[in-house]
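# Commentary on secondary and tertiary structure
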Amino acid sequence: MTEEIISKFANAEILLDETAYQKIKNYDDSSNLVDSLINHLAISSQEMMVLTGELVDEYLGKSDANGKKDDLAQSKLISREFDFEILKDASNKSYTNGEIKDLSSYFKNRYHKLKEMLTHKRELTDINSVKEATSLDDVIKIVGMVNDVRYTKNNHKLIELEDETGSATVLIHNENHEVFEQAERIVKDEVVGVVGGRKGSLIMASELINPGVPRVDEKKTNFATVFLSDTHIGSTTFLEDAFDRFIRWINGDYGDERQKEIANNVKYVVVAGDIVDGIGVYPHQDKELIIKDIQQQYEEAARLFGDISNVKIIIAPGNHDACRLAEPQPAIHEDYAKGLYELKNTEFVSNPSLVSLDGMKVLIYHGRSFDDFAMTVKGMSHQQSDLIMKELLEKRHLAPIYGERTPLASEIEDHLVIEDIPDVFHTGHVHINSYKRYKGIHLINSGTFQSQTEFQKIYNIVPTCAQVPVINNGSLKMLDFS
Ligand code: D5M
Ligand code: FE
Ligand code: ZN
């Protein structure tokens, strides 16, 4: 039996310390205990672990006379190891003093980062400068930043493209259907490649080239990650009952067996902004607030999220949080959110940011730029944020349009360029769930826990409330707490 105990645990990747070993060996029905412990630990823990005497005692205390185990999700037997890493965060990287000089270095930095990606593409090796291109009679290849987009009176598309040497006007003929359709999605201030030929003072485009994203390999994960955003705690329209059901679910107290099994597997919760409703975000907001003090709103958030244990909670800000509005938004400051900071399992990151959850890369972005895309690009809307997310990935920029609804800080570096390809692209803001798999990347918009507001009624935005996306063992599940 002695050897059998050790080898059974070893096969299950569990190490025994001496006291645990003695306790198990001396237990009446040790063979049964070995099997049930291994079974229990295999479900609750994903990593190699050390089983101590204390844990054995705790387990035995929780087993009833028939050896039937307690609700696994309730068990605090395992203290998990989190392989959590912040790969990119802009919180402490804000250098700008707001001078015009910064704006030009900001755009230069954006241009160079994206040009670097574009010129690595087969179609854009040996590019011409824009100045050269305006007098070339051969095939023209240029990379430029979009200064302006408009139509000719015959409904062709005109793009004003600029690099450090000058600017040129690119025409996309509407009978060139494929390229024209692509040109419909071109926005101001993005960086794009053009292949074409000169016709007088115009460049006729035969190809438009985005920096693009390669296909990513499927990440094998054996844990569950919950994606939340836009809880808007403090608002009269915050759906507290639904949120309570969510918290009960995550703690193993709500849902059917299958849902409880997922809850038991949850290791991370990611919050992509608007965790609270904030104050003074729009005129007369106080009429729609149940908690009128920003710190109190975060205290309430701490009370609600404080019921989640043994799960790491990663929090990024949105446009309602106590944070500067200009993106990149630094992490929510401790002065505002003391209670949340005091929770042992919280992490605070900037908007945007890139984190690694046991090797699964998650790009977190609140999604303010979706308003600009929904307002300016044909066929795009708040309802289908997956289409916008796909376009942002192709453009490799989270908020290309400067000077509209999305305030951007003119930093020396452009932190909104998508430099690393994530496994998951998680957004919020629109209050409408969406999910798509694009080139292997999970595109997730996590909806909201706020019912329709007066503002959203005017814009005809119908939120999808209390629908929570979870990636469990690599595939998406939607859980409904409404
Ligand atoms: O955003 C709540 C909803 O309102 C979301 O669907 C986006 C939309 N929204 C917010 N601001 C604007 C502007 N300026 N134009 C159009 N649509 C907007 P929240 O960030 O929670 O207030
Ligand atoms: Fe919101
Ligand atoms: Zn928002």
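Below you will find a few notes about this structure. Please read these numbers as outputs of a predicted model, since none were measured by experiment.

### Looking at the overall build of the protein
Tallying secondary structure elements over the protein gives 14 helices and 19 strands in all. In terms of overall dimensions, the protein has a C-alpha envelope of 95 × 55 × 40 Å along the principal axes. Counting over 482 residues, the protein shows a buried share of 53%. For the protein, contacts bridging at least 24 residues in sequence account for 69% of all contacts bridging at least 6. Total accessible area on the protein stands at roughly 21,500 Å², and carbon and sulfur atoms take up 47% of it.

### Some thoughts on the pattern of salt bridges
Two side chains with opposite charge may pair up if their charged atoms get near one another. By the definition in use, this model includes 28 salt bridges. Ionic pairing is found between Asp 57 and Lys 23, a salt bridge with its closest N-O pair at 3.1 Å. Highlighted residues: Asp 57 in helix 4 (residues 53–62) and Lys 23 in helix 2 (residues 18–26), separated in sequence by 34 residues. Given a relative accessible area of 39%, Asp 57 falls into the partly exposed group. Here Arg 110 ties to Asp 414 by a salt bridge, and the two come within 2.9 Å at their closest N and O atoms. Linking Arg 110 in helix 5 (residues 100–119) with Asp 414 in the loop between helix 13 (385–395) and strand 15 (424–427), this pair joins segments that are 304 residues apart in sequence. For the pair formed by Arg 110 and Asp 414, the shared burial category is buried.

### Quick notes on the coordination of the zinc ion (ligand 3)
Protein-derived ligands of the zinc ion (ligand 3) are Asp 274 (OD), Asn 319 (OD1), His 366 (NE2) and His 429 (ND1), with the metal-ligand distances lying across 2.2 to 2.3 Å. A separation of 3.2 Å is found between the zinc ion (ligand 3) and the iron ion (ligand 2), both of which receive a donor from Asp 274. Linking Asp 274 in the loop between strand 10 (266–272) and helix 10 (294–305) with His 366 in the loop between strand 14 (360–365) and helix 12 (369–376), this pair joins segments that are 92 residues apart in sequence.

### Some thoughts on the sheet that holds strand 16 (residues 434–438)
Backbone-to-backbone hydrogen bonds pair the strands of a sheet. The strands run either parallel or antiparallel. Overall, mixed pairing links the 6 strands, which are arranged 3-13-14-15-17-16 in an open sheet. The open sheet has two free edges, formed respectively by strand 3 (84–89) and strand 16, since each of these has just one partner strand. On average, each strand axis in the sheet is inclined to that of its neighbour by 20°, with strand direction left out of account. Alignment of strand 13 (residues 353–357) against strand 14, held across 5 bridges, turns out to be antiparallel. When the sheet's bridge partners are listed, Ser 353 is paired in strand 14 with Ile 364. Along the sheet, helix 13 makes contact with strand 15, strand 16 and strand 17 (441–445), crossing strand 17 at roughly 135°.

### Comments concerning the site of ligand 1
Around ligand 1 sit 16 residues in total, of which Asn 319, His 320, His 429, Val 430 and His 431 are the nearest. Take Asn 319: an N or O atom from its side chain is 2.9 Å from an oxygen atom of ligand 1. Taking Val 430, its main chain carries an N or O atom lying 2.8 Å from an oxygen atom of ligand 1. Of all elements in the fold, only helix 12 and helix 14 (454–458) reach the threshold of two or more residues within the shell around ligand 1. Its residues assigned to classes, the shell around ligand 1 shows 5 nonpolar, 7 polar and 4 charged.

### As for the side chain of Arg 396
Secondary-structure assignment places Arg 396 in the loop between helix 13 and strand 15. In this structure the side chain of Arg 396 is engaged in a polar contact, spanning 2.7 Å, whose partner is the backbone oxygen of Ile 418.

### Looking at the packing of aromatic side chains
Applying the stated criterion across every chain, the model contains 17 aromatic pairs. On the basis of an interplanar angle of 50° and a centroid distance of 5.6 Å, the ring pair of Trp 249 and Phe 481 is categorised as tilted. Of this pair, Trp 249 sits in helix 8 (residues 240–250) while Phe 481 sits in the segment after strand 19 (475–480), placing them 232 residues apart in sequence. Side by side, Trp 249 and Phe 481 carry an identical accessibility label, which is buried. Plain terms: the ring middles of Tyr 341 and Phe 348 are 3.8 Å apart, the flat faces sit at 5° to each other, and that makes the pair stacked. Since its relative accessible area comes to 28%, Tyr 341 is described here as partly exposed. Chaining the aromatic ring pairs together yields one cluster made of Phe 238, Phe 243, Phe 246, Trp 249, Tyr 254, Phe 305, Phe 449 and Phe 481. The lysine or arginine in question, Lys 312, covers the ring of Phe 82, its NZ or CZ lying 5.3 Å from the ring centre.

### Some remarks on the sheet that holds strand 8 (residues 202–209)
Taken in spatial order, the 5 strands of this closed barrel run 4-5-6-8-7, and their pairing is mixed. Between one strand axis and the next, the sheet turns by 55° as a mean value, whatever way the strands run. Bridge count for strand 4 (residues 140–151) against strand 5 (residues 157–163) is 6 bridges, and the pairing is antiparallel. By the bridge assignment for strand 5, Arg 150 is matched with Leu 158.

### Structural notes on the coordination of the iron ion (ligand 2)
Note on the iron ion (ligand 2): its protein donors are Asp 230 (OD), His 232 (NE2), Asp 274 (OD) and His 431 (NE2). The metal-donor distances range over 1.9 to 2.3 Å. Within one chain, the residues serving as donors to the iron ion (ligand 2) are arranged as D-x1-H-x41-D-x156-H.

### As for helix 10
With 12 residues, helix 10 ought to run about 16 Å at 1.5 Å a step, and its terminal C-alpha atoms sit 16 Å apart, in line with that. Within helix 10, the full set of buried residues consists of Ile 294, Gln 297, Tyr 298, Glu 300, Ala 301, Ala 302, Leu 304 and Phe 305. As for helix 10, its buried residues are in contact with strand 9 (224–228), helix 8, strand 10, strand 11 (312–316) and helix 11 (338–342). Its side-chain oxygen 2.9 Å from the backbone nitrogen of Gln 295, Asp 293 forms the N-cap of helix 10.

### Notes on the pairing of strand 15
Side chains Val 424 and His 426 project from strand 15 onto one buried face, and the interleaved Phe 425 and Thr 427 project onto a second face that is buried too. Where strand 14 and strand 15 come together, 4 bridges link them in parallel fashion. Of the residues in strand 15, the one forming a bridge with Ile 364 is His 426. In the sheet, strand 15 pairs with strand 17 via 4 bridges, with the strands oriented parallel. Paired with Phe 425 across the bridge in strand 17 is Leu 443.

Each value, and the rule that gives it
Residues numbered from 1 in each chain as written. Chains lettered and ligands numbered in written order. Predicted model: local features only at pLDDT ≥ 70, side-chain atom pairs only at ≥ 80, totals over all residues. Heavy atoms only, no water. Helix = DSSP H or I, 4+ residues; strand = E, 2+ residues; numbered from the N terminus. Buried < 20%, exposed > 50% of the residue type's maximum accessible area, 1.4 Å probe, protein only. Contact = heavy atoms within 4.5 Å. Areas by Shrake-Rupley, 256 points an atom, 1.4 Å probe, with all protein chains shown as cover. Salt bridge = Lys/Arg side-chain N within 4 Å of Asp/Glu carboxyl O. Donors = N, O, S within 2.8 Å, 3.2 Å for Na, K, Ca; no water. Pairing = 2+ DSSP bridges. Axes fitted to C-alpha atoms, helices over the stretch in contact; angles between N-to-C directions. Near = heavy atom within 4 Å. Polar contact = N/O pair within 3.5 Å; in protein donor to acceptor, adjacent residues only side chain to side chain. Nonpolar A, V, L, I, M, F, W, Y, C, P; charged D, E, K, R; others polar. Phe/Tyr/Trp six-rings, centres within 6.5 Å; stacked < 30°, edge-to-face > 60°. Lys NZ or Arg CZ within 6 Å of the ring centre and 35° of its normal. Expected span 1.5 Å × (residues − 1).

Everything listed is a geometric property; what it means functionally is a separate question.
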